[in-house]
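# Coordinate analysis (summary)
Read off the chains here:
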Amino acid sequence: MAAALVTEYVQHMATITRKTDNRSFRLGGTTTVGRNPGNDLSIPDPLVSGLHARISFRRGVWSIDDLNSRNGTLVNGDPLRRDKQRSMAVGDEITFGVKHEVWTVSDLAAPALFARSTDGQEVEGDDQLDLPNDITPVASIYQRADGTWVSERAGDVVEVKDGEDVAIDGVSWRLHIPNTVSETMENVEFTPGADDLSLHFAVSTDEEHVELEARLGERRYDLKSRAHHYLLLTLARARVSDAEDLELPATAHGWLYQDDLASMLRLDDNAIYLAVFRARKQLKKAGVARAAGLIERRPGTRQIRLGVSDIHIRVI
C-alpha cells in the first residue's frame, strides 16, 4: 500500500482499528462496510454480507446501522436492531458478522475532506482537495459559493457528491466530502475569503512584471511578483472593461472563454490550470480562506473569470 499523502491542518481523524492486526481505517461522512469490493471498507470474509453495515456522521453524531446482514453487527457484544441506528463512542468494539472481525472505535473527530484511491493512497484537503496530489495536480475539488461541490479540470467544472468515484490518470479515487468543511477547520469564520478582498495590481510598462497585493480593510497580503499573476491581470482587465458597460449586469462581468484566454496568453489548458492552481495556493498560504473563489468557472461552458470585483490596476 502506498504511503498516505496528508497535510498538516487536521489534528484528528475519525478511525476504527481492527483488533487482530491493529489496522486503522479512516471514516468518511458515510462509510459502507461489507464483503463486496465496492464498499468503502471491504472485508473479504464469506460470513460478512456483501453490504453489511453503514457508519455515518449526522448533526455532530457518529452512528452505525446494520443493513440486513446475514450474521448481524454487534456493538460491545450487543446485536444491532436492523431497523435502528446506534450512536458510537470512542472505545466501542464493533463486530461485523464474525468473531475475528472486531474493530475498535479509535477516534470520532468530525469527518474531513479527503479521497482514497483503489491502491490505498489518501489525500486530504481543507476547503480544497487536489488530486492526485498538490504538487502535480490534475483536478481540484472544492465548494462553490452556492454550496455545491465541483471537480475542476481541463478548463471545466462538474458537480460531484460524497462517495463519488473520479478517475485520475487511470486511478479511481473515492471522494469523501463532509456536510460542512468548517467542522474540520479552526476559526475559519474569522478568516477572509477570496471574494472579500480587493486586488491591487502593479504592472511594469513592458508588462514583464506583475506585482499583486490583496487587501481586506487594514490587512495586507503581499503576493509579490509571480508568473501566474499575468493570468489574473488578464482576467482582471476583462472584468474592469465589462464593468464600464452600465447596461451589463455584474453577473456577466469578466467572463472569457478559456480557448480565447489560451490564445491571448499563448498557453494550453494544462498551463492555465496550473497557473490557476498556483494562484489559489499562494492566496491560501497567505491565510485567505475559500481561495478557490479567486477564479470562477461556468459549468459546461469553458468560461472563466476572476472571482473578485474590487480591482485596482496601476502601471509602474
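Residues numbered from 1 in each chain as written. Predicted model: local features only at pLDDT ≥ 70, side-chain atom pairs only at ≥ 80, totals over all residues. Heavy atoms only, no water.

## A short note on the overall build of the chain
Counted only if it meets this: Strands are runs of DSSP state E lasting at least two residues, helices are runs of H or I lasting at least four, and both sets are numbered from the N terminus onward. Whether a residue is buried, partly exposed or exposed follows from its accessible area with a 1.4 Å probe, protein chains only, as a fraction of its type maximum: under 20%, in between, or over 50%, in that order. The contact criterion used is simple: two residues touch if any of their non-hydrogen atoms lie within 4.5 Å. For every accessible area listed, the method is Shrake-Rupley and the probe measures 1.4 Å; residues are considered covered only by the protein chains on display. We score Asp and Glu as negative and Lys and Arg as positive, and we do not count His or the chain ends. A charged residue contributes its charge at one atom only: NZ of Lys, CZ of Arg, CG of Asp or CD of Glu.
For the chain, the count of helices and strands is three helices and 26 strands. Burial statistics for the chain: of 316 residues in total, 49% are counted as buried. Of the contacts made within the chain by residues no fewer than 6 positions apart, 52% connect residues no fewer than 24 positions apart. Of the roughly 15,800 Å² of accessible surface on the chain, a fraction of 49% belongs to carbon and sulfur atoms. Taking the average place of the 38 positive charges on the side chains of the chain and the average place of its 49 negative ones, the gap between the two points comes to 4 Å.

## Observations regarding the packing of helix 1 (residues 229-243) against helix 3 (residues 269-285)
Let me state the cut-off plainly: To define axes, lines are fitted to C-alpha atoms, for helices over the stretch in contact only, and angles between the resulting N-to-C directions are given on a 0 to 180 degree scale. Orientation is classified from the angle alone, with under 35 degrees giving roughly parallel, over 145 giving roughly antiparallel, 65 to 115 giving roughly perpendicular, and any other angle giving oblique. Residue polarity follows a fixed list, in which Ala, Val, Leu, Ile, Met, Phe, Trp, Tyr, Cys and Pro are nonpolar, Asp, Glu, Lys and Arg are charged, and the others, Gly among them, are polar.
Where helix 1 contacts helix 3, the two axes come as close as 9 Å, and the packing angle between them is 95°. With respect to their mutual orientation, helix 1 and helix 3 come out roughly perpendicular. Contact residues: His229, Leu231 and Leu232 in helix 1; Ile272, Ala275, Val276, Ala279 and Gln282 in helix 3. Partitioning the contact of helix 1 with helix 3 into residue classes produces six nonpolar, two polar and no charged.

## Re the pattern of salt bridges
Just so we agree on the cut-off: One speaks of a salt bridge when a side-chain nitrogen belonging to Lys or Arg is within 4 Å of a carboxyl oxygen belonging to Asp or Glu.
Counted according to the given criterion, the structure contains 24 salt bridges. The closest approach of N and O atoms between Arg290 and Asp195, which form a salt bridge, is 3.3 Å. Of this pair, Arg290 sits in the loop between helix 3 and strand 24 (295-298) while Asp195 sits in the loop between strand 19 (171-176) and strand 20 (198-203), and the two are 95 residues apart along the sequence. The residue Glu207 makes a salt bridge to Arg237 at a minimum N-O spacing of 2.7 Å. Of this pair, Glu207 sits in the loop between strand 20 and strand 21 (210-216) while Arg237 sits in helix 1, and the two are 30 residues apart along the sequence. Residues joined in a network through salt bridges with shared partners are Arg26, Arg116, Glu122 and Glu124.

## What about helix 1?
As a reminder, the rule being used: Here, expected helix span is obtained from the residue count minus one, scaled by 1.5 Å.
Between the first and last C-alpha of helix 1 there are 21 Å, a value that for 15 residues agrees with the 21 Å anticipated at 1.5 Å per step. Inspection of helix 1 places His229, Leu231, Leu232, Leu233, Thr234, Leu235, Ala236, Ala238 and Arg239 among the buried residues, and these make up the whole buried set.

## A short note on unusual backbone geometry
Cis geometry is found at the peptide bond from Leu131 to Pro132, where omega equals 5°. Mapped onto the elements of the fold, Pro132 is located in the loop between strand 14 (128-131) and strand 15 (139-143). The phi dihedral of Asn68 is positive, around 60°, even though this residue is not glycine. Mapped onto the elements, Asn68 comes out in the loop between strand 6 (61-66) and strand 7 (73-75). For Asn76, which is not glycine, the phi torsion reads 55° and is therefore positive.

## Some points on the nonpolar core
In plain terms, the rule: Only buried residues count toward a nonpolar core. Its members are Ala, Val, Leu, Ile, Met, Phe, Trp, Tyr and Cys residues joined through side-chain atoms within 4.5 Å.
With 33 residues, the main nonpolar core has Phe201, Leu231, Leu232, Leu283, Leu294 and Leu306 as its most contacted residues. Counting only elements with at least two residues in this core, the list comes to strand 20, strand 21, strand 22 (219-225), helix 1, helix 2 (258-265), helix 3 and strand 25 (303-306). Ranked by the residues each element gives to this core, the list is headed by helix 1, at six residues. For Leu283, the contacting residues outside a window of four places in its chain are Ala194, Leu197, Ala214, Leu223, Val288, Ala291 and Leu294. Residues Ile55, Met88, Val98 and Trp103 belong to the second largest nonpolar core, which totals 21 residues.

## A short note on the pairing of strand 14
Stated formally: Any two strands between which DSSP finds at least two bridges are classified as paired.
Burial of the side chains of strand 14 extends over both faces: Gln128 and Asp130 are buried on one face and Leu129 and Leu131 on the other. Both strand 14 and strand 15 contribute to a ladder of four bridges, which runs antiparallel. Each residue of the ladder has a partner; that of Leu129, found in strand 15, is Ile141.

## Thoughts on the sheet that holds strand 22
Strand order in the open sheet formed by four strands is 22-21-20-26, with mixed pairing between adjacent strands. In the strand order of this sheet, the two ends are held by strand 22 and strand 26 (310-315), each with one partner. Sheet twist, expressed as the mean angle between neighbouring strand axes with direction ignored, is 15°. Bridge count between strand 20 and strand 26: six bridges; the pairing is parallel. Its bridge partner lying in strand 26, Phe201 is registered against Ile313.

## Focus on the confidence of the model for the chain
Selection criterion: Confidence scores here are pLDDT values: one per residue, from the predictor, ranging 0 to 100.
Overall, the prediction assigns the chain a mean pLDDT of 91, with 92% of residues at 70 or greater. Here residues 1-10 is a poorly scored stretch, pLDDT under 50, and it has 22 contacts once near neighbours within four places are set aside; other chains count.

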